[in-house]
Amino acid sequence: MTETRLPLHEAIRRATPVDAGAVRSVTDAAYAPYVERIGRRPAPMDADHAAQIAAGQVFVTGEPVLGLVVLVPYEDHLHLYNIAVHPDSHGLGVGRRLLHFVDAHARDLGLPEVRLHTHAQMWENQKLYPRYGYAFMGRRLDGHYDRYHYRKRFG
């Protein structure tokens with residue numbers, strides 16, 4: 001019988017410098033399908049993953065790494081900068097578990113909301129995030145990127 005969900009014992013943990021290559025590989029694999037669609041590399045593909053890991057902003061799950069989130073706390077919210085699941089792990093519940101982790105992490109930090117953005121051409125995300133309680137806040141150009149902004153409030 002094939003496992004169809006990520007085992008509950010697969011912890012979500014803070015990434016270490018050893019994970020930098022896996023973080024890059026998972027991010028690149030997750031975002032590669034969008035390069036042609038949006039006409040450029042999505043910003044997370046060009047992020048300084050080592051610096052994000054050193055800042056304690058990256059959390060990973062799986063051995064080897066199957067998925068990750070990059071979280072940046074601000075005074076009034078937690079910004080979900082990146083969520084990436086390796087395409088070979090789609091349908092295993094990895095993304096769902098990561099999104100639940102983001103909520104729990106924001107609450108643990110005492111922050112009242114999570115904010116995120118997604119490219120306007122990543123229309124799959126425009127269906128996904130509202131299912132997880134995110135409200136659309138608007139669309140705007142951020143440099144070369146046409147982004148939809150979302151937030152999820154707690155309480």
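Structural data are supplied above this passage.
Here the structure is a predicted model, which means the values were calculated and not measured. Sequence positions are assigned chain by chain, starting from 1 and proceeding in written order. In view of the model being predicted, local features appear only for residues whose pLDDT reaches at least 70, and side-chain atom pairs are presented and counted only at 80 or more, with totals across whole chains, interfaces and linings using the full set of residues. Just so you know, side-chain values use all the structure's heavy atoms and leave hydrogens and water out.

**Here we look at the overall build of the protein chain**
Per the secondary structure count, the protein chain includes four helices and seven strands. By the criteria applied, helices consist of DSSP H or I runs no shorter than four residues and strands consist of E runs no shorter than two, each listed in order from the N terminus. Each helix and strand of the protein chain, placed in order from N terminus to C terminus, yields the pattern β-α-α-β-β-β-α-β-α-β-β. Whereas a compact globule of 155 residues would reach a radius of gyration of roughly 15 Å, the protein chain reaches 15 Å, a difference of no more than 12%. Principal-axis analysis of the C-alpha atoms gives the protein chain an extent of 40 × 40 × 35 Å. A simple rule labels every residue: compare its accessible area, found with a 1.4 Å probe on the protein chains alone, to the largest value its type can have, and call it buried under 20%, exposed over 50%, or partly exposed in between. Counting over 155 residues, the protein chain shows a buried share of 48%. Two residues qualify as a contact provided that any one of their heavy atoms is within 4.5 Å of a heavy atom in the partner residue. Here the contacts in the protein chain between residues at least 6 apart in sequence split such that 64% fall between residues at least 24 apart. Summed over its atoms, the accessible surface of the protein chain is roughly 8,400 Å², and 53% of this surface lies on carbon and sulfur atoms. For a compact globule the rule gives 2.2 Å times the number of residues to the power 0.38, and the radius of gyration it is set against comes from C-alpha atoms. Calculation of accessible area relied on Shrake-Rupley with a 1.4 Å probe; when residues are assessed, cover is drawn exclusively from the protein chains displayed.

**Some remarks on the pairing of strand 7 (residues 145-153)**
Strand 7 sits mainly inside the fold: seven of its nine residues count as buried. In terms of strand pairing, strand 5 (residues 113-119) meets strand 7 through seven bridges, oriented antiparallel. Along strand 7, the bridge assignment pairs histidine 117 with histidine 149. Note: strand 6 (residues 135-142) against strand 7, seven bridges, orientation antiparallel. Across the sheet, the residue bridging to phenylalanine 136 is tyrosine 150, located in strand 7. Once strand 6 ends, the chain turns through two residues before running back antiparallel as strand 7, passing glycine 143 with a positive phi of about 65°. At least two bridges found by DSSP between two strands are what make those strands a pair.

**Looking at the nonpolar core**
Side-chain atoms within 4.5 Å link the members of a nonpolar core, which is a set of buried Ala, Val, Leu, Ile, Met, Phe, Trp, Tyr and Cys residues. Formed by 23 residues in total, the largest nonpolar core has its most connected members in Val69, Leu71, Leu80, Val102, Val114 and Tyr134. For this core, the elements supplying multiple residues, two or more each, are strand 3 (67-73), strand 4 (78-85), helix 3 (94-108), strand 5 and strand 7. Top contributing element to this core by residue count: helix 3, with six residues. In this structure, leucine 80 is in contact with Val69, Val70, Leu71, Leu99, Val102, Val114, Arg115, Leu116 and Tyr134, ignoring residues within four places of it in sequence.

Keep in mind that these numbers describe shape and distance, not what the molecule does.
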